[in-house]
Structures are given as C-alpha cells and as structure tokens.
Amino acid sequence: MTTHTGFTRSLLRLAGDAIARSQREPSLCVVNYHRILARPDPLLDSEPDVAAFRWQMALLAECFHVMPLRAALAALDAGNLPPRTVCITFDDGYRSVHELALPVLEELGLPATVFVTSGHVGRGSMWNDRIIEAVQALPAGALDLSDLGLPRYPLANEADRKRATAGLTEASKYLPPPARAALVERLATLAGTGDAPGLMLTPEMVVDLDRRGVEIGAHTITHPILTSLDDDAARAEIRNGKQELEALIGKPVRLFAYPNGKAGKDFDARHVAMVREAGFEAAFTTAVGAIGGMADRFQLPRSRPWDKRPLLFGLRLLQWLAQGAPARHEYANRMARLAGSDNAAIR
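None of the values given here were measured: they were computed from a predicted structure.

**Student:** Describe the environment of Thr89, and please don't skip the residues or the numbers.
**Tutor:** Along the chain, the position of Thr89 falls in strand E3 (residues 85-92). In contact with Thr89, other than residues within four places in its own chain, are Val30, Val31, Asn32, Tyr33, Leu69, Thr113, Phe115 and Arg302.

See the structure below:
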C-alpha cells in the first residue's frame, strides 16, 4: 500500500481534529471523480491516472475517516460524525471505475458512490469523450467551424489540441441536445472516429459494483443541462434515470447528482423540486466546500481536489472542512505555511 510521510500523516490528522473541535457543528467533505486513466493523457490532465488515484486513496485511508455517503449524512444528522470525514464519489459511470478504481478501493477498504447516467450504460461514449477522441485524431492544420459560429482552432501541437478540446466542450455543453449531437457527429466524421465503444460501464459492471458494496446513484438518463430542457423533459430525465437503475440493480436508488452541477446555471429550484418529488433522499452539486448540518439536503456541495502533491491535496480537504469554523482562513493558511508552500494559501 502506498504510504505517506509521518509528517504528512500527523499534520493532517492533528489539523483535522483541531478543526472539528473548533466548529460549532461537524462537517464532511465529498470528493468527486469522473474517469480514472490507465496512464496520463495531456488532453485529460484533470483526470488522475491510476497511480495518482492510488496515492490519493491511500492518503484518505491513512489521514481521514472515509464513510459511505448515506451513512455519513445520517451521522451528520445524528450529531456523531467523526472528525476528518470524507466521502468518495464518481460521476457519469465510466468503466474505469470498475476496472481501475474498484481494485484500489477494495484493497484499501474504502467505500464509494457512483452516479450513473443510465442511458449510457453499455452504449459507447459520452458526447464530451467523442469530442476528445475526434480532436486527438484530426490531422495537423486547423479545424474550421466558423459556419457554426465557432472559432477556427489551430491543431499544430498538443497545446492547440488541448485548447480546441476545452473550447469545443464548453461550447457544446449548453447547446440544445440535437444541436450538440449534430456537432459531435460532424467532428467524428471529419476525424473518421465514429462512436468509440467501451468507455462506459456495462450493465453487468453496474450490478457488480452494487454487489461489491459501491452505492449506485442517479445522474439522469443522458446527462443534459437541465435548464436547457422543458419541464416535462427534465422531469423524465430525473425520474426515469432513477427507475432504469433501480430495475437494473433491483433496489432503491436514493442519491442524485445534477449534471454539471452549477446551481442557477445548470439546474434551478424547479429541478430541486423534481428531484424531491422523484423520491431521492439527497442530491449533489459541484459547488466547492464541505457539508454542514444545516445544508440543504438537495443542494449539497461536492468538490474535486486538484493538488498534485499529497500534503497539499490533504490540506485542500482540510480547507473545505474548515468552512464555518472560527478564524478558518487564518488557521488554514498557518497549516499551509507549516507545509512550506505559498501555493496552498486560501484562495
């Protein structure tokens, strides 16, 4: 098992316990992942490879109290949440969760939740991954989509392709689903890629995850931006995604994650009400921060650590857990100074 230095372990444990003692109410932090990569990919540098994921999970196992998501929320409600509590989640339903993440989680004895887009189970790749694959496959030169109102993207080097991927993904995210599908198909045709199979969980993998103790949550059917849909379509995405997963695993699906997850932009009060009406117990956004006892159970924050070094990764989690504690900014910055890095200062 990957281990971390005694200084790192001691600092994170002591700091986390001190934060918990200073707070009027306990808090927990939920970390969020999507894909786990077999090896680093310059076009997916926000996604950890399995080696990075392993040290991150080892740090959580050694320095934090990792709990199943629903159990942590119940402990928070009961007032007996342990200090330094963290929960682990994955979005979308990539097969790498089963193939690469699950062995690490089982080795370290860590629970997790996977929020699955039911319509992509066993059905090729999500639209954003098809964009990445197309940009990777396009020949050197330039990608001209000016007739669609998009920029002309140079493709001379890896940095150009990274910028093109980011620009096309952001531009596509808020398109109506038919227009987004048309753009993805055009890119696939230009690149000759088609629909690459194999990135998403199969039905058998979803069932196996559930049977091996990974909680299955819902993430709609097709991962739309809910505010881009009319109310009937949004309600169907939320309700039917839940029902499809329940039929697959044979048990209730109680947790939901909003696609993209920005409150007021990707979902609003209408969709919060729809999630409640569908029978979920809690729902998660992508807002940064920790969950306190007074948090709206249908708009819970869930954060993605981005630090590349173990100590800073751990301090980032403590920064979020410290939210709501007295003098939290001064305390977290003092911890950063102890770590010897100005980069960990509160932003």
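**Student:** For the pattern of salt bridges, give the residues involved together with the corresponding values.
**Tutor:** Tallied over the entire structure, the rule returns 25 salt bridges. One salt-bridge network, held together by shared partners, links Arg70, Glu215, Arg254 and Glu281.

**Student:** Pulling in residues and values, what's your account of the environment of Asn80?
**Tutor:** Counting through the fold element by element, Asn80 comes out in the loop between helix H3 (69-78) and E3. Sequence spacing of Asn80 and Gln56 is 24 residues, and the spatial spacing of their C-alpha atoms is 26 Å.

**Student:** Hey, could you go over the nonpolar core for me, with residue numbers and the actual values?
**Tutor:** Judged by nonpolar contacts, the single largest core of 65 residues is most densely connected at Met57, Leu60, Phe64, Ile88 and Phe90. In contact with Phe64, not counting residues within four places along its chain, are Leu12, Leu59, Arg84, Val86, Gly314, Leu317, Leu318 and Leu321. One finds Met67, Ala72, Leu76 and Cys87 within the second-largest nonpolar core, a separate group that totals 17 residues.

**Student:** So what's going on with the side chain of Arg180? Residues and values would help.
**Tutor:** Relative to the elements of secondary structure, Arg180 occurs in helix H7 (residues 177-191). When sequence neighbours within four positions are dropped, the list of residues in contact with Arg180 reads Trp127, Ser172, Lys173, Leu175, Thr222, His223 and Pro224.

**Student:** So what's going on with the packing of helix H1 (residues 6-22) against helix H2 (residues 50-63)? Which residues, and what values?
**Tutor:** Put simply, H1 and H2 touch, their axes get as near as 9 Å, and they point 55° apart. In terms of their interaxial angle, H1 and H2 are classed as oblique. When you trace H1 past H2, the crossing you get is right-handed. Counted together, Thr8, Arg9, Leu12 and Arg13 of H1 and Leu59, Glu62 and Cys63 of H2 form the full contact between these two elements. Its residues assigned to classes, the contact of H1 with H2 comprises three nonpolar, one polar and three charged.

What counts as what
Each chain has its residues counted from 1, running along the sequence as written. Per-residue local features of the predicted model are confined to residues with pLDDT of at least 70, and side-chain atom pairs are confined, for both listing and counting, to 80 or more; whole-chain, interface and lining totals are unaffected and use all residues. With hydrogens and water stripped out, all remaining heavy atoms of the structure feed into the side-chain values. Here a strand is any run of E in DSSP of at least two residues, a helix any run of H or I of at least four, and the numbering for each starts at the N terminus. What makes two residues a contact is simply this: any of their non-hydrogen atoms within 4.5 Å. We define a salt bridge as a side-chain nitrogen of Lys or Arg found within 4 Å of a carboxyl oxygen belonging to Asp or Glu. Residue types Ala, Val, Leu, Ile, Met, Phe, Trp, Tyr and Cys, when buried and joined through side-chain atoms within 4.5 Å, form a set referred to as a nonpolar core. Each residue is assigned to one of three classes by its accessible area relative to the maximum for its type, calculated with a 1.4 Å probe on protein chains only: buried under 20%, partly exposed between the two thresholds, exposed over 50%. Note on geometry: axes are lines fitted to C-alpha atoms, helical ones only across the stretch in contact, with angles between N-to-C directions running from 0 to 180 degrees. For classification purposes, angles smaller than 35 degrees are called roughly parallel, those larger than 145 roughly antiparallel, those between 65 and 115 roughly perpendicular, and all remaining angles oblique. The sense of a crossing depends on the near helix, which, turned anticlockwise from the far helix by less than a right angle, makes the crossing left-handed and, turned clockwise, makes it right-handed. For this classification, Asp, Glu, Lys and Arg are treated as charged, while Ala, Val, Leu, Ile, Met, Phe, Trp, Tyr, Cys and Pro are nonpolar and the rest, including Gly, are polar.

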